[in-house]
Amino acid sequence: MSEFDIITHYFSSLGAGENVRLSVGDDAAALRVDDGFELLVSTDTSAAGVHFPEDLFPEDIAYKAVAAAASDLAAMGASPLGMTLAISLPEHDSLWLHGFSQGLASASRDFNLPLIGGDTTRGLLSMTLTVMGQCPEGQKLLRSGARPTDLVCVSGSLGDSTFGLSMLQGNERGLDIDFEDQEYLLSRFSRPASRIELGERLRAQATSCIDISDGLLADATHIANASGCKLVIDSALIPLSTELVASVGRARAIELALTGGEDFELLFTLPESVSVPDHCTVIGFAEAGEGVLCDGVLKRGGYDHFH
Ligand SMILES: Nc1ncnc2c1ncn2[C@@H]1O[C@H](COP(=O)(O)OP(=O)(O)OP(=O)(O)O)[C@@H](O)[C@H]1O
Ligand SMILES: Cc1ncc(C[n+]2csc(CCOP(=O)(O)O)c2C)c(N)n1
Ligand SMILES: [Mg+2]
């Protein structure tokens, strides 16, 4: 199969969407942005051995890569318009590519991101997704707007994904974990959610927002630094899944939530007057100062590619 056969066979049928004017097949794609909206663009790489174990199911590799990229649109309060995929493949493996394109199709549907273009090359397994979304002018969510007295909130539950990865890597064999809990925790790593609807709901309400990709402490530090204030967090308030607590106990679950990363939940600040959305939890507040104070101690930590 040639490069162009691969594109035609696996990557050319997911490109239709409400705002897509021109899709796969030309030298560039064209998207329409609605009147009064602005275009938001974000790009994310997923590399074998760095973002996923090489032997993860290809369906999950694709799904996770799209979810991780879509999560940055959610963090900005953007509504999805489309995505491009630059993929490098070590070889032509039709079984692998079939699975990959199935996962890509599911994620494209779930996150409302038509695949409008890309690039296909030979190389170490890696994919770079560029996602595009739109937001009414002036309503996008930034990291920089948190103000003293704002509430610090987080969606969903934290820590599941990093523990799911640890299970996949065979590090948790000593634990006796219920089969359904295992399934849930693994899926939180390989099929993460992306909180697009929550991001849209937070437009013009949240004073700051970020998605949790590097871990709660690291991403809270990004909000604190960008906003020029301190975030005060009570670890006892961090939302944890019953599955994670049943598997590792509360103390380790909190540690995983603080530093694990790839939960792809939203961390945001709200003025006290705004009601907290469903499935979100208040874990602290903002005050004058700098850094992240967790249980009375200034803390840092989380995932860093070069540490
Ligand atoms: N090589 C680069 N060239 C230009 N800008 C970059 C580069 N790498 C990162 N950035 C920009 O730096 C900022 C912070 O990037 P970072 O990767 O920490 O955020 P993110 O995209 O939310 O993270 P994640 O990759 O976990 O989703 C973003 O605005 C990003 O676009
Ligand atoms: C095989 C394997 N080892 C480790 C990890 C954990 N991991 C990789 S990147 C990242 C943060 C976000 O990255 P980025 O900032 O590039 O989006 C985390 C928590 C993984 N997913 N797979
Ligand atoms: Mg992000």
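Keep in mind it's a predicted model, so treat the numbers as computed, not measured.

S.K.: What is the right way to look at the layout of surface pockets in this model?
M.R.: Any space left empty among the atoms is revealed by the rolling of a water-sized probe across them. Approximately 620 Å³ is the volume found for the largest pocket. Forming the walls of the largest pocket are 31 residues, and the residues nearest its centre are His51, Ser213, Asp214, Glu262 and His305. Breaking the lining of the largest pocket down by element, the ones donating at least two residues are strand S3 (37-47), helix H2 (58-76), helix H4 (160-168), strand S8 (208-211) and helix H7 (216-227). Of the residues belonging to the lining of the largest pocket, the class tally is nine nonpolar, 14 polar and eight charged. Considering only enclosed or pocket space, the second largest pocket measures out at about 350 Å³ in volume. In terms of lining residues, the second largest pocket is bounded by 20 residues, among which Ile7, Val24, Gly117, Gly118 and Asp119 are the most central. Taken together, the elements giving at least two residues each to the lining of the second largest pocket come down to helix H1 (3-11), strand S4 (79-89) and strand S5 (115-122). Per-element accounting of the lining of the second largest pocket gives the leading share, six residues, to S5. For the lining of the second largest pocket, the class distribution of residues is 10 nonpolar, six polar and four charged.

S.K.: I'm lost on the UniProt feature "binding site: Mg(2+) 5" (unreviewed entry) in the protein in this one. Help?
M.R.: On the UniProt side, "binding site: Mg(2+) 5" (unreviewed entry) is annotated at positions that read Asp214 here. As for its placement among the helices and strands, aspartate 214 is situated in the loop between S8 and H7. Among all residues touching aspartate 214, those that are not within four sequence positions of it are Asp219, His222, Thr259, Gly261, Glu262, Gly302 and Tyr303.

S.K.: Help me understand the site of ligand 1, please; the structure alone is not making it clear to me.
M.R.: Taken together, the residues surrounding ligand 1 are Asp44, Asp72, Arg143 and Ser213. Taking aspartate 72, its side chain carries an N or O atom lying 2.8 Å from an oxygen atom of ligand 1. The side chain of serine 213 places a nitrogen or oxygen atom 2.6 Å from an oxygen atom of ligand 1. Contact with the protein chains removes 31% of the 620 Å² of surface that ligand 1 exposes when unbound. Residue classes in the shell around ligand 1 are distributed as no nonpolar, one polar and three charged.

S.K.: I keep staring at the nonpolar core and nothing clicks. Help me out?
M.R.: Most often, soluble globular proteins have nonpolar side chains that are buried together. Residues Phe11, Leu85, Phe100, Leu104, Met127, Leu202 and Phe268 are the most contacted members of the largest nonpolar core, which totals 52 residues. Contributions of two or more residues to this core are made by H1, H2, S4, helix H3 (94-110), strand S6 (126-136), strand S7 (151-155), helix H6 (196-202) and strand S10 (266-270). Beyond its immediate sequence surroundings of up to four residues, phenylalanine 11 is in contact with Ile6, Val24, Leu85, Ile87, Leu97, Phe100, Leu104, Leu115 and Thr120. Within the second largest apolar cluster, 32 residues are counted, among which are Ile177, Val248, Ala286 and Cys294.

S.K.: Hey, could you run me through the coordination of the magnesium ion (ligand 3) in this one?
M.R.: A four-donor tetrahedral metal ideally has 109.5 degree angles, and a six-donor octahedral metal ideally has angles of 90 or 180 degrees. Taken together, Asp72 (OD) and Asp211 (OD) make up the protein donors of the magnesium ion (ligand 3), found 2.1 Å from the metal. Here aspartate 72 is found in helix H2, whereas its partner aspartate 211 is found in strand S8, with 139 residues between them in sequence. Each member of the pair, aspartate 72 as well as aspartate 211, is classed as buried.

S.K.: What is the right way to look at the packing of aromatic side chains in this model?
M.R.: Remark: the centre distance and the inter-plane angle together describe each pair of aromatic rings, the angle taken between the planes. Tallied over the full model, the rule gives three aromatic pairs. A centroid spacing of 5.1 Å and a plane angle of 15° characterise the contact between tryptophan 96 and phenylalanine 100, whose relative ring orientation is stacked. In this pair, tryptophan 96 and phenylalanine 100 both sit in helix H3, four residues apart, roughly one turn of the helix. Accessibility expressed as a relative area gives 16% for tryptophan 96, which makes it buried. An aromatic cluster of three or more residues is present, and its members are Phe11, Trp96 and Phe100.

What counts, and at which threshold
Residues numbered from 1 in each chain as written. Chains lettered and ligands numbered in written order. Predicted model: local features only at pLDDT ≥ 70, side-chain atom pairs only at ≥ 80, totals over all residues. Heavy atoms only, no water. 1 Å grid on protein atoms, 1.4 Å probe; cavity = no way out; pocket = protein on both sides within 12 Å on 5 of 7 lines; lining within 4 Å. Points joined across faces, edges and corners; volume = space filled by probe spheres on them. Helix = DSSP H or I, 4+ residues; strand = E, 2+ residues; numbered from the N terminus. Nonpolar A, V, L, I, M, F, W, Y, C, P; charged D, E, K, R; others polar. UniProt positions renumbered as here; feature names shortened; annotations may be inferred. Contact = heavy atoms within 4.5 Å. Near = heavy atom within 4 Å. Polar contact = N/O pair within 3.5 Å; in protein donor to acceptor, adjacent residues only side chain to side chain. Areas by Shrake-Rupley, 256 points an atom, 1.4 Å probe, with all protein chains shown as cover. Core = buried A, V, L, I, M, F, W, Y, C linked by side-chain atoms within 4.5 Å. Buried < 20%, exposed > 50% of the residue type's maximum accessible area, 1.4 Å probe, protein only. Donors = N, O, S within 2.8 Å, 3.2 Å for Na, K, Ca; no water. Phe/Tyr/Trp six-rings, centres within 6.5 Å; stacked < 30°, edge-to-face > 60°.

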